[in-house]
Amino acid sequence: MASTGPTHRRRHDDTPDTAEDFRRLASMPDGPEREELRKAITCAWMPVAERLARRFRNRGENHEDLVQVAALGMVKAVDRYEPDRGTAFESFAIPTVVGELKRHFRDHLWSLHVPRRVQELRNRTRSARNELLQELEGRGPTVGELAGHTGLSEEDVLLGMEAQDAYSTVSLDAPMPGFDDFSIADTIGGPDSTMELVVNRESLKPLLAELPERERRILYLRFFKDLTQTQIADIVGISQMHVSRLISRTCDYLREGLLSDAA
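Only a predicted model underlies this, so the values are computations on that prediction, with no experimental measurement involved.

**Overview of the packing of aromatic side chains**
Under the definition given, this model contains 6 aromatic pairs. For the ring pair Y81 and F89, a centre distance of 5.1 Å and an interplane angle of 75 degrees mean the geometry is edge-to-face. With 5.9 Å between their ring centres and 20 degrees between their planes, Y220 and F224 make a pair best called stacked. Given a relative accessible area of 44%, Y220 falls into the partly exposed group. An aromatic cluster is present here, built from F22, W45, Y81, F89 and F92 joined pairwise through their rings. Here the basic side chain of R222 rests over the ring of F223, its NZ or CZ set 5.9 Å away from the ring centre.

So, in structure tokens, the structure goes:
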């Protein structure tokens, strides 16, 4: 009886020649025999997927994760390839795998600049969490368990976990969670016009300290308590005209003091 296993002829570029296997695969009904052939073809082409994954190394992503993405792309290529179209499988598989890798980076590209050390912490903590999920039967590992598994400190584990959110950003127009009537932009403060007055206020302090107590009190009542000159006159016990002259004279003194300090 003729063997039903896949052929393993190699071409000059060390890629498997599986044209005959694909023709057999396309003609076989669903079942264990077809699934075995499908797996054999996929495994035969996995070294190509790994080589393609290596092209994307040193881009801040874990190599094992890239190999998994490339392997998924190769599985899709095997399932979607149609040998009757006359195109060599390699010409179809390579763009499929590369497209899967590029899609992975597009969907998981860092939206914020993250130091390489933090990226590595993120990769180690994520891989450790996936491994521990299997050992813990689906229960999420604690920070302490992740630290023990990776050999990292708990602070580094927390940093790696926080870095996972840096892959993507959220629009400022996005609604606040639980508050549909408010956006994230509503929580951001705007320019404070009074900041421009800080320097003047600080420069005025020593000048105000030099004023007589009556003048300081009049300025306080006028500009901080917002009283009228008539009300101030009644409190201080002088005429409204006298209050007006004192305010004008004191303000001129303070203005000259500020200008002389700035000169």
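**Thoughts on helix α9 (residues 213-223)**
Within α9, burial applies to E215, I218, L219 and L221. Along the axis of α9, the buried residues cluster in a sector spanning 165 degrees; they form a single face.

**Describing a positive patch on the surface**
On the surface, R51, R54, R55 and R57 cluster together into a patch of positive charge. With respect to the helices and strands, R51 occurs in helix α2 (residues 32-54). When its relative accessible area of 34% is taken as the criterion, R51 is described as partly exposed.

**Some words on the nonpolar core**
One recurring pattern in soluble globular proteins: nonpolar side chains tend to sit buried together. Counting residues in hydrophobic clusters, the biggest one holds 27 residues, and the most contacted among them are F22, I41, W45, M74, F89 and L101. Of all the secondary-structure elements, those providing two or more residues to this core are α1 (19-27), α2, α3 (63-80) and α4 (89-108). Examining the composition of this core, we find that 9 residues originate from one element, α2, more than from any other.

**Brief notes about helix α7 (residues 154-163)**
Every buried residue of α7 is listed here: D156, V157, G160 and A163. One side of α7 carries all its buried residues, which in axial view fall inside an arc of 125 degrees. Looking at α7, the residues exposed on the side facing more than 90 degrees away from the buried face are E155 and E162. The inward-facing, buried residues of α7 contact α5 (116-135) and α6 (143-150).

**Here's the deal with the pattern of salt bridges**
Opposite charge on two side chains permits pairing when their charged atoms draw close. Evaluated as defined, the whole model comprises 14 salt bridges. Between R139 and E145 there is a salt bridge, with its nearest N and O atoms 3.0 Å apart. A residue is classified by how much of its surface remains accessible, and E145, at 30% relative accessible area, is partly exposed. Of the charged contacts in the structure, one is a salt bridge between E215 and R214, with a shortest N-O distance of 3.9 Å. Among the residues examined, R214 registers a relative accessible area of 35% and is labelled partly exposed.

Conventions and cut-offs
Residues numbered from 1 in each chain as written. Predicted model: local features only at pLDDT ≥ 70, side-chain atom pairs only at ≥ 80, totals over all residues. Heavy atoms only, no water. Phe/Tyr/Trp six-rings, centres within 6.5 Å; stacked < 30°, edge-to-face > 60°. Buried < 20%, exposed > 50% of the residue type's maximum accessible area, 1.4 Å probe, protein only. Lys NZ or Arg CZ within 6 Å of the ring centre and 35° of its normal. Helix = DSSP H or I, 4+ residues; strand = E, 2+ residues; numbered from the N terminus. Arc of directions from axis to C-beta. Patch = residues over 30% accessible without salt bridge, like charges linked within 9 Å, V, L, I, M, F, W, Y side chains within 5 Å. Areas by Shrake-Rupley, 256 points an atom, 1.4 Å probe, with all protein chains shown as cover. Salt bridge = Lys/Arg side-chain N within 4 Å of Asp/Glu carboxyl O. Lys, Arg positive; Asp, Glu negative; His and termini not counted. Charge placed at Lys NZ, Arg CZ, Asp CG, Glu CD. Core = buried A, V, L, I, M, F, W, Y, C linked by side-chain atoms within 4.5 Å. Contact = heavy atoms within 4.5 Å.

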